[in-house]
Amino acid sequence: MHALRQEILPPSGVEFATSLNLTPSCLSSSDVSPPANGHGSTSTRHEFISRVLCNVVVARSSLLRIFEVREEPAPMPVVSAEKARRGAEAVEGEVEMDESGEGFVNIAKSGPQRAYQQTTTKLYFVREHRLHGIVTGLEGVKTLASVEDKMDRLLVSFKDAKIALLEWSDAIADLVTVSIHTYERAPQLMSLDSPLFRAMLRVDPSSRCAALSLPNHALAILPFHQAAVDLDVDVAMDQEGRESAAAKIPYASSFILDLPAQVDANIRNVIDFVFLPGFTNPTMAVLYQTQQTWTGRLKEYKDTTRLTIFTLDIDAQNYPTIRDVPSLPHDAFTLLPCSTALGGLVIITANSLIYVDQASRRIALAVNGWASRVSDITYLPSDPTLDLQLEASKAMFVDDRTFFLVLKDGTVYPVEIVVDGRVVSGISIGKALARTTVPSCALRLVARGAGMELLGREGENIFVGSTVGPSVLLKTSHVEVEEEEGDEDVKMEQAVVKQEDGMDWDDDDDDIYGVSKPVESPTSATSNSVPVKMKKTRTVIQLSLRDSVPAHGPITSMAFSLARNGEKFVPELVAATGAGPLGGFTLFQRDIPVRTKRKLHVLGGSRGMWSLPIRQPVKTSGGISYEKAVNPYQTQNDTLIISTDINPSPGFSRIAVRSNNQKADIAITTRITVTTIGAAPFFQRTAILHVMTNAIRVLEPAIDGTERQIIKDMDGNMPRPKIRACSISDPFVLIIREDDSIGLFIETDRGKIRRKDMSPMGDKTSRYLTGCFYTDATGLFDANLESTATASNATTTLQAASGNKGTQCLVLMRPQGTMEIWTLPKLALAFSTAGLTSLENVLTDSYDTPALSLPQDPPRKPQELDIEQILLAPIGESSPIPHLCVFMRSGQLTVYEALPAAKQPVPANTRVAFLKIKFVKTASRAFEIQRPEEGERSIIAEQKKIMRLFVPFVTSPAPGVTYSGVFFTGDRPNWILSTDKSGMQIYPSGHAVVHAFTPCSLWESKGDFLLYTEEGPSLLEWIPDFHLDGPLPLRSIPRGRPYSSVVFDPSTSLIVAAASLQAKFTSFDEDGNRMWAPDAPNVSDPTCDCSTLELISPDAWITMDGYEFATNEYINDMACVSLETSSTETGIKDFIAVGTTIDRGEDLAAKGATYIFEVVEVVPDPAIAPKRWYKLRLRCRDDAKGPVTAVCGFNGYLVSSMGQKIFVRAFDADERLVGIAFMDVGVYVTSLRTLKNLLLIGDAVKSVSFVAFQEDPYKLVLVARDIQRVCVTNAEFFFSNNELAIVSGDEEGILRVYEYSPNDSDSNDSRNLLCRTEFHGQCEYRASTVIARRAKDDPIPQAKLMMGSTDGSLSALVTVDEQPFKRLQLLQGQLTRNIQHAAGLNPKAFRIVRNDHVSKPLSKGVLDGSLLAHYESLPIPRQNAMTRQIGTERKTVLRDWMALCGPW
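Visitor: Could you clarify how one ought to interpret the overall build of the chain in this entry?
Guide: A tally of helices and strands in the chain yields 14 helices and 95 strands. Within the chain, contacts between residues at least 6 apart in sequence are counted, and of these 61% link residues at least 24 apart. Of the roughly 62800 Å² of accessible surface on the chain, 49% is carried by carbon and sulfur atoms.

Here it is in structure tokens:
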């Protein structure tokens, strides 16, 4: 059986992070960016100034993301002078032009003004890459090239002992690979335990070298050139005196440093290592443990950790030891180097903090009572009640002497190194400062300007990454505050939380980032010899939350449920995510969840709908219209809707307004027998521009549609072809006719429109495929537009009014494949490119003059690669960026991002305007499009025609949140969106077809949309609280605790979940007395896992009922099983089966139990739930001699495991379990799955067993098994058509596909399962579920395996037929060899599994969807070249791919 493994969701969270100046935006001290609210006009005289402090690069598993840390003014609403004049009429002279003639017109707008007083720091997404490798480290380095461009390079290490050096390329606006260094063939990697090793990457603070840890106590050293003197003169210059290619290489030859052989024979079992700053040569500190020990052997081996500091003399290959510090606690795990001003380093252990200075003197502070019991070193006096656990904690310095310690529960403690003169005299730890996310990494962001000077000295930014929840950006600042009398004798700087935007010290997860109480204890004030009483001051550290990167964390369990979106039920994936206090549920849906607010069948609109904000104009004495000063929030709402239908011929249009009648939502005021092509507000929203198939009308703002002007589209006395499309942007109108000719109109100063001269564009008979207007409110076009023509000093009032909105331009697409951007109002070609029809990755200006596109005889027929629709619109959240949306006739949808282009000389030609921008491809999606016959022109064919259009929108689904996006109508309707924390996302709308779309605020809501779908016209809105930061819309349900199992009960549509908690553990003797109790306040009880069972309603996500297990009992597995019962007519009923472990300590064997619960309906309490209410009823408990590790059911029986045995039991009389069959299968059963009467057993040692069950007599029969020793954590049945396979996963993430083939000679007479394929998924998946996948023509469903991993990724395994598999497998080989992979990694080697039992890898049965997904975004010429080499066509391969991809 063949399969495709595709990644639906990338890994979630942040495991590694680094701060550096990677992109050119970090070099400029200020950048022009759009307003923080994401909409509104921005002109050159109202620039929004912000600056990029630095870049933050984060990684989790195989996902690499780049963010900008941007400091920008925080908007604060203020009362303006114009706001005070609200409602006043304009007086004479209020509307005037400026003296310079630039045409600034005061139209007496009364919109809210903003004053920027404070600054805020936010993270903005730049780029992301899904790598073919597992990242184990990130660091920033400076090379020789950094001296010239002032930019850092990125160093990435991978799990298979590779280091990649990356840099930013401004030409493609993305990362490019400089070099890759691999050590996977080193002798240290050949050992058997090398897969268990975790590589660590460290970089010298002066970027002189990098080090990667290898197995067997070795380091890979990669030196970097930092000056020209580092290069050999013969190498640097060639024979002709020019710089040689070798001189451009930023690194020297790398080598492997064997620590025991070359440095110190005692260096073994390296725990951590760091480079120390301030030394002439690279100096490294290594923390290691020559003799390993643990808490059970402390009597024999205690304080076995050592610290060695040595220098790397790379040129002489000499590594002298500087310091050696023996007898450190065995539980030391982290080194934290201090700054050069202080020197030394800090060692963090599980129970203490140790400072080691440059003279090897140790100063230790115990943080709990266990420190003195597990170590013999001398500790400073400390608070006897201090009880902290430092395991998994992270630390970072915030200044020279103070560092923050973030514990594993997110609690932040400030720690100060106390200095007496030049000598460190102690370590002082303050009270808890705040509570933040569960940390996986923590770093201090260092921002440097173009001159490499430090920025942001008024406060330091701190980034705390988390793998189980959101990662946060914090800011610290030192503030002098007055000290009250009586506050004395505190020996450290106190840290408090800034009240207005700080953090919360509360256990509730909902308020985890709220405001915290400040620490009351002040510091001692400095003395003053002046006899006058002076105010004492103290320095405090203020910590504030600035921004966060959302993440859901690891997926521990998942199940599909039914979600109710309004009146519609849709499948929803409920996943148990997170850990610790960040645990809870994450809900995933395939489409953007919407709900219907109103059905508007009377409106019609199958051919188009436009919701328009029209206002009544007010005339001044000068005859100029201005906007009446009313409530600014009401003026932005729509006032009327224009809709059009194709039936009855020749069309029917309506003008509708909101009805005051309670019986009807809408009232039709005007009906016109004509088809509307487009409509939009005009003349500053004082009129309606109405485009029909043969004319253009200007309508009065009255609701009756009174006609002010009509321009019939005539060529003399001859009618022109019908208008098929239009684009309207006040004061311009573009029409496109059926013969591909265009017309351009512009408003006059008399409230009417006229034709505009198009002679600069070439012959008036030129043909164009499509076009649109674009009004730039972001400032990007205005800042990068250069013109050599002399601008006229005089401008008209019309141009002044239109110019107030931003730079306007016209985008046109010619039939030969040339896209042109023309400036307005004077038509001047500013940008031209011929790469759009081939969908090149980067579109740059070709500097060509206007192309010729004269009509052809016979008329040109539409081509497969023609551009059918094009739109330039802003897309984003708080800072929208212009994006170019393109749709081809072949069904390819592509989105480009507009960015400033690199400075380069302009060739001499006849063009007078140059738009210095480039378009970078950010998303591409192929759709299967069904088109009618091209020659069919009947009325029926016209009625069946589906309109595929890009419609821009701006919506505010929640207060303070604004999205700018694009909706794509047609038979493949999609939302095109982008947020601040994610790249471009394309979401299906969930409808079979959308004929018309428009954002609508007629009912005073900025989050409404009007759609004409297969169900007719309706008003929709997004369901709130869904996040759009990933490939799937998700909603987070924080619960403050993690869950280990989730089950959906189909009979009641409720969720049953097992919560994982921590409880204090103690042991008792035979008399019931405690064997050990804490004997000090800073010694705590040990903890153990415990569980509770919760019955949850998915409507409001409230717990309806629960069951608490013993404090030493936790749930291993849970399933919804159908058991025989006499309480129902069918004799079968769904029950909840639970298997548990009862932990009794180290000296006693663990036990277990099996529970059977029933979900029953009870009489609801009217005060709590007026509707239905359910509870859990315990029907049976069956104790076991060992842990019950897995449960499932088949044929009305319960199957459970106890250790190495499998039991089949019947539910007798609804009160007890009766055993009917059993079997010994392995060592420890981890997974049980059933299919009819077949049973699949996964074992931690004995791999997979395939078992059948028979009832007469009751018996379990072993059919076949895998003879290899594999640790299976999950196993599932996988079927398609008449084929059955078995898929298993192990703790390393390896997927294995087995077959039961009795006729194969290798099956040993059908007793062995045959392993056909091994695929390295690189991360263990703990949760899995099989769903039905139905093909179009096949009534029998196929299996689709959904897998949730510990890194938060969600992947799917789908079956592939023979012929598509062969084509895609050949294509996969082409992609492996012929495209540039990120970081220079090999995707084939990434998926290969090492297997010593076969001669070659078993890697040909599963396709890599992550690699095949690159084909969809390649330029079309490259797609054709690859398919030509494998003997197929591009359309065929894309059709194969589209049939397989998709979440569910």
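Okay, back to it.
Visitor: Would you mind going over the nonpolar core with me for this structure?
Guide: For soluble globular proteins, the rule of thumb is that nonpolar side chains tend to be buried together. Within the largest apolar cluster, 44 residues are counted, with the highest numbers of intra-cluster contacts made by Met819, Leu836, Leu884 and Phe919. Examining the composition of this core, we find that six residues originate from one element, strand S59 (residues 867-875), more than from any other. Dropping the residues within four chain positions of it, Leu836 is found in contact with Met813, Met819, Leu843, Ile867, Ile870, Leu884, Val886 and Tyr896.

Visitor: It is not clear to me how helix H13 (residues 1420-1429) should be interpreted in this structure. Could you clarify?
Guide: Since the α-helix turns once every 3.6 residues, residues separated by three or four places project in the same direction. Taken together, the buried positions of H13 are occupied by Ile1420, Gln1423, Met1426 and Thr1427. Along H13, the residues classed as buried sweep out an arc of 125° about the axis, all on the same side. Exposed residues pointing more than 90 degrees away from the buried face of H13 are listed as Arg1428 and Gln1429. Against strand S60 (881-888), helix H10 (1362-1378), helix H12 (1409-1416) and helix H14 (1434-1444) lie the buried residues of H13. Of the residues flanking the end of H13, it is Gly1431, one or two places downstream, whose phi is positive at about 75°.

Visitor: Could you clarify how one ought to interpret a nonpolar patch on the surface in this entry?
Guide: Together, Trp370, Met1075 and Trp1076 line one region of the surface with nonpolar side chains, adding up to about 310 Å² of accessible area. Within the secondary structure layout, Trp1076 lies in the loop between strand S73 (1054-1064) and strand S74 (1087-1097). What makes Trp1076 partly exposed here is its relative accessible area of 35%.

Visitor: Quick question: what am I supposed to make of the sheet that holds strand S71 (residues 1034-1038) here?
Guide: If you trace the four strands from one edge of the open sheet to the other, you get S33-S34-S35-S71, paired in antiparallel fashion. Unpaired on one side and paired on the other, strand S33 (555-565) and S71 mark the two borders of the sheet. Mean inter-strand twist for the sheet, computed between neighbouring axes without regard to direction, equals 25°. Relative to S71, strand S35 (residues 584-588) runs antiparallel, the two sharing five bridges. Counterpart to Phe585 in the pairing with S71 is Ile1037.

Cut-offs applied
- Residues numbered from 1 in each chain as written.
- Predicted model: local features only at pLDDT ≥ 70, side-chain atom pairs only at ≥ 80, totals over all residues.
- Heavy atoms only, no water.
- Helix = DSSP H or I, 4+ residues; strand = E, 2+ residues; numbered from the N terminus.
- Contact = heavy atoms within 4.5 Å.
- Areas by Shrake-Rupley, 256 points an atom, 1.4 Å probe, with all protein chains shown as cover.
- Core = buried A, V, L, I, M, F, W, Y, C linked by side-chain atoms within 4.5 Å.
- Buried < 20%, exposed > 50% of the residue type's maximum accessible area, 1.4 Å probe, protein only.
- Arc of directions from axis to C-beta.
- Patch = residues over 30% accessible without salt bridge, like charges linked within 9 Å, V, L, I, M, F, W, Y side chains within 5 Å.
- Salt bridge = Lys/Arg side-chain N within 4 Å of Asp/Glu carboxyl O.
- Pairing = 2+ DSSP bridges.
- Axes fitted to C-alpha atoms, helices over the stretch in contact; angles between N-to-C directions.

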